[in-house]
Amino acid sequence: MRRLMFLIPLVLFLGLAGWFAVRLKQIDRGDTPDHLPSVMIDKPVPAFDLPPLVEGQPGVAAKDLGPSAGESGKVRLVNFWASWCAPCRSEHPILMRLAGQGVDIRGIDYKDKAADGQAILARDGNPYAAVARDESGRTAIDFGVYGVPETYVIDRQGRIRYRQVGPITPQDLQNRILPLINELSK
Amino acid sequence: MIPELGHYALVLALVVALVQSVIPLWGAARRDPAMMEVGRTAAYCQFVALALAFGALTYAHVVSDFSVLNVVENSHTDKPMLYKVAGVWGNHEGSLVLWVFILALFGAMVAAFGRNLPASLRARVLAVQGMIGVGFLWFMVATSNPFTRVDPAPLNGHDLNPLLQDPGLAFHPPFLYLGYVGFSLCFSFAAGALLEGRVDAAWARWVRPWALIAWSSLTLGIAMGSWWSYYTLGWGGWWFWDPVENASLMPWLAGTALLHSAIVVEKRDTLKSWTILLAIVTFTLSLMGTFLVRSGVLTSVHAFASDPARGVFILALLVVATGGGLLLYALRAPILKAGGLFAPISREGGLVLNNLLLSTACATVFLGTLYPLFMDAVGGGKISIGPPFFNATFVPLMVPVVAVMAMGPLLSWKRADLAGVLGRLKIAALVGVVAALAALWLAGTKPVLAVLALGLAGWAVMGAVVDVADRIRLFRMPLGDSLSRARHLPRGAWGTAIAHAGLGVAVAGMVGTSAWTTEAIQVLHIGQAVDVAGYSFRLDSVAEAPGPNYTARRAVLTVTHQGDFVATLAPEQRFYPVTRMTTTGAAIHTNFFSDLYAVVGEPAPDGTGYNTRFYRHPLVPWIWVGSILMMTGGLASLSDRRLRVGVPLKRAAPRAAATVPPAPAE
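The structure presented is a predicted model; accordingly, all values stated were derived computationally and were not measured.

So, on to the sheet that holds strand β3 (residues 76-81) of chain A. The strands that make up a sheet are held in pairs by hydrogen bonds between backbone atoms, and each pair lies either parallel or antiparallel. Residue and element names in this part refer to chain A. With mixed pairing, the five strands of this open sheet are ordered in space as β5-β4-β3-β6-β7. The strands lining the two open edges of the sheet, one partner per strand, are β5 (130-134) and β7 (160-165). Across the sheet, the mean angle from the axis of one strand to that of its neighbour is 20°, orientation sign disregarded. Relative to β5, strand β4 (residues 104-110) runs parallel, the two being bridged by five bridges. Across the sheet, residue D109 finds its bridge partner in β5, namely R133. Along the sheet, helix α4 (residues 114-124) contacts β3, β4 and β5; its crossing angle with β3, the most-contacted strand, is approximately 120°. Of the strands in this sheet, β3, β6 (150-154) and β7 are in contact with helix α6 (residues 170-185), which crosses β7 at around 165°.

Quick look at the state of the cysteines now. Applying the stated criterion across every chain, the model contains one disulfide over all chains. Across the disulfide from C85 of chain A sits C88 of chain A; the S-S distance is 2.1 Å. Between C85 of chain A and C88 of chain A the sulfur-sulfur dihedral comes to about 95°; the bridge is accordingly right-handed. Side by side, C85 of chain A and C88 of chain A carry an identical accessibility label, which is buried. Between C186 of chain B, a free cysteine, and C362 of chain B, which holds the nearest cysteine sulfur, the sulfur-to-sulfur gap is 15 Å.

Attention now goes to the pairing of strand β3 (residues 535-546) of chain B. All names here are of chain B. Where strand β2 (residues 529-532) meets β3, four bridges bridge the pair, whose relative direction is antiparallel. Bridge pairing in β3 links A529 to R538. If you look at the hairpin formed by β2 and β3, you'll find two residues sitting between the two strands, and A533 has a positive phi there, around 50°. Pairing between β3 and strand β4 (residues 551-561): 11 bridges, direction antiparallel. In the strand pairing of β4, A543 is matched with R554.

Further remarks concern the domain arrangement of chain B. Many descriptions give the size of an interface as the accessible area lost when the pieces come together. Residue and element names in this part refer to chain B. Along its sequence, chain B is organised into domain 1 (1-160) and domain 2 (518-621). Taking the mean C-alpha position of each, domain 1 and domain 2 sit 43 Å from one another. Together, the buried faces of domain 1 and domain 2 total about 450 Å²; carbon and sulfur atoms form 59% of this surface. Considering only the surface of domain 1 that becomes buried against domain 2, D78, P80 and D159 emerge as the three largest contributors, covering 64% of it. Our enumeration of links across domain 1 and domain 2 arrives at zero salt bridges. Counting every contact that joins domain 1 to domain 2 gives zero residue pairs in polar contact (both at pLDDT 80 or more). Its residues assigned to classes, the side of domain 1 that touches domain 2 shows two nonpolar, three polar and three charged.

Each aromatic ring pair is described using two quantities: the centre-to-centre distance and the angle formed by the ring planes. All names here are of chain B. For the structure shown, the criterion picks out 32 aromatic pairs over all chains. With 5.2 Å between their ring centres and 65° between their planes, Y230 and Y597 make a pair best called edge-to-face. You can see Y230 sitting in helix α9 (residues 201-232) and its partner Y597 sitting in strand β9 (residues 594-603), a full 367 residues away along the chain. The class for Y230 is buried, based on a relative accessible area of 1%. The class of Y597 is buried, set by a relative accessible area of 0%. Taking the centre distance of 6.1 Å and the plane angle of 85° together, the rings of W239 and W241 count as edge-to-face. Using a relative accessible area of 17% as the deciding quantity, one classes W239 as buried. Judged by its relative accessible area of 12%, W241 falls in the buried class. The rings of F47, F54, W89, F101 and F171 are connected pair by pair, giving a single aromatic cluster.

Criteria and cut-off values
- Residues numbered from 1 in each chain as written.
- Chains lettered and ligands numbered in written order.
- Predicted model: local features only at pLDDT ≥ 70, side-chain atom pairs only at ≥ 80, totals over all residues.
- Heavy atoms only, no water.
- Pairing = 2+ DSSP bridges.
- Helix = DSSP H or I, 4+ residues; strand = E, 2+ residues; numbered from the N terminus.
- Axes fitted to C-alpha atoms, helices over the stretch in contact; angles between N-to-C directions.
- Contact = heavy atoms within 4.5 Å.
- Disulfide = S-S within 2.5 Å.
- Buried < 20%, exposed > 50% of the residue type's maximum accessible area, 1.4 Å probe, protein only.
- Domains from an automatic or database assignment.
- Buried area = accessible area lost by both parts, 1.4 Å probe.
- Salt bridge = Lys/Arg side-chain N within 4 Å of Asp/Glu carboxyl O.
- Polar contact = N/O pair within 3.5 Å; in protein donor to acceptor, adjacent residues only side chain to side chain.
- Nonpolar A, V, L, I, M, F, W, Y, C, P; charged D, E, K, R; others polar.
- Phe/Tyr/Trp six-rings, centres within 6.5 Å; stacked < 30°, edge-to-face > 60°.

What follows is the structure, encoded as structure tokens:
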């Protein structure tokens, strides 16, 4: 009996280790601790109509997301970014790749100087079907953006279905975003 | 070429560590002196190999060799030399190199200074040390090679995170690692003793120096980290209960408990299996810190770029090391014989209480750190546990620790006279009351608890003074005799008193700044002034100032007190163009009793003024003064002749100089 008492620390520790292992497995599947849920999930995108980043090109508005007259709508991404944001630069190649695969990404340049935003897109390439400026950050607040970059998956009905806080990593893309786009596009 | 040599040295160290972990253990089982001796040779070889690897990586950073990925990702040619060197350990791979280098350093120190250890124990300790080395070296070679090349080499690097480009933080990791890794030796000694099946006073004497080195370094490392957050985060916070901070606090608490319980093993030959368990737990908590920081299991501002694949590896390491240690404990600890009995009120009793409180405090921090994880795993949603939880649980546990700490050293072994001890502490009680009254007079009644806590701090500091005064019979015999006694007082006794006083001083600092900070946040125009706690801060100018790898916007402030000049403060905002990050450099003027703290931030939206924040933090410098005292106490204890590393112990001879009357040494 006394001997069994000396086993208690080992048993407790193994329990803890097992649970760590489960957590690591969950993280591997994309459920990271910094994955923040959003109250906006399954709600329609907030009303907004933002001016274009580049004069003369289309801006981004709530009515562009979801079904419009004549077509049943398309799954789209809304990506908040800025020229001053370093993680946005690391995310940029992934957006370019997504755009190359035909994914419709709408960009919102957050609290940025128009010239800076334009210069970055001219230098690194433009993955966006349309890109607008949110100089006041008002629309970002309505979406519930914590900080750039942040990306939202919008379904064919114009509802927010997923929120990515921080840059999209290749794992996020493989494990969450691409499967979700495929599922929603069915 | 040099990076390849470094990589080769790493692999070589891995192979040597394998030898070190198998042959001496085998030799100890067969009682074969030659095989046991392999442990020492291997420990030296491993040290040399890892010194080479560490040197190679440092060289690559110093000369900015951008064909090495690690240098590209963490360095830049414009970076000042100090941070080129500090950049070596400012990243995941490099910090691991430092980790194993320190591990090998400790192994080599056991090999060199452990001549007085029984050969079989030394062989077993070195073997366990070798196993830890195998784990970490394998981890590095398999997942985190610091010497990976890039081809073609870029022209310049990405620079080190500007927050890490700071003198306080540059040397924070090495001290933390000295602490974490130092506890690995306590673990190895515990495992060695379990394998031997013997824990006695001699064992406790051999473990104590290593525990003291580790504890003192960890104390300094934590203090440096907290000092850094105090002056860089821009509002004077010095502890945030962030998971990574907690990861360093937990081994500290467990290590503090270990230091104290080892005294009981040494003097009274009891509490053995508990002390062994503490040694295992302390190192486990150090390893777990490594796991939590690098696996991405927890979110923290300090976390390294995390990677679940690495997490799995570290978890496996943790399971093998701790699981193995605890299994050994379950099998062998029951055979350890309990030693002397003691009454509840006795030195032993006091140390048991200390251990109970410290381990409960450690468990509290552990729960608070992991609870959010647990809730998330069972679907309880994302929650965060902040300072309120820790203030409500940890702080009440520390109150009795500090209160009893003053009495502990005055209690006698086996059975003590509590009333007599309290009688001797009358002066300490008086000082406590005076400290509380002084706080009341200077700061007003609110908050009552802080006033009481300050009284407690005064009691603790004076208690340590009384302890020394008592031992040297101050004022009870001629001063010259007292001084001579003071000279001959064992360093361990000095260490205890200094460290205990240090904790009291640090507590006063923590209480003072938590309870009585004054702040003023406003937009100031050039030439305007604002009053903070009787001090007037005037914004004189704001100008651009170039730095080596940043540009700064430096403000100049004049501080006056009732019209008298006090100080000129020059806070700055630094912008690092390579990483496009801004850091805040607060300006601090200290007079030892309080800090005046100023931050000048962004220009206000109207474009004419600046956002400014001024604080007066009473007693805050005492936190670090106290920490340094604690570390000094640890080092003083370490220099005690009884434990001095490398001094052969003549066990037959009575302890230290025979001229000293048999005052209790701790």
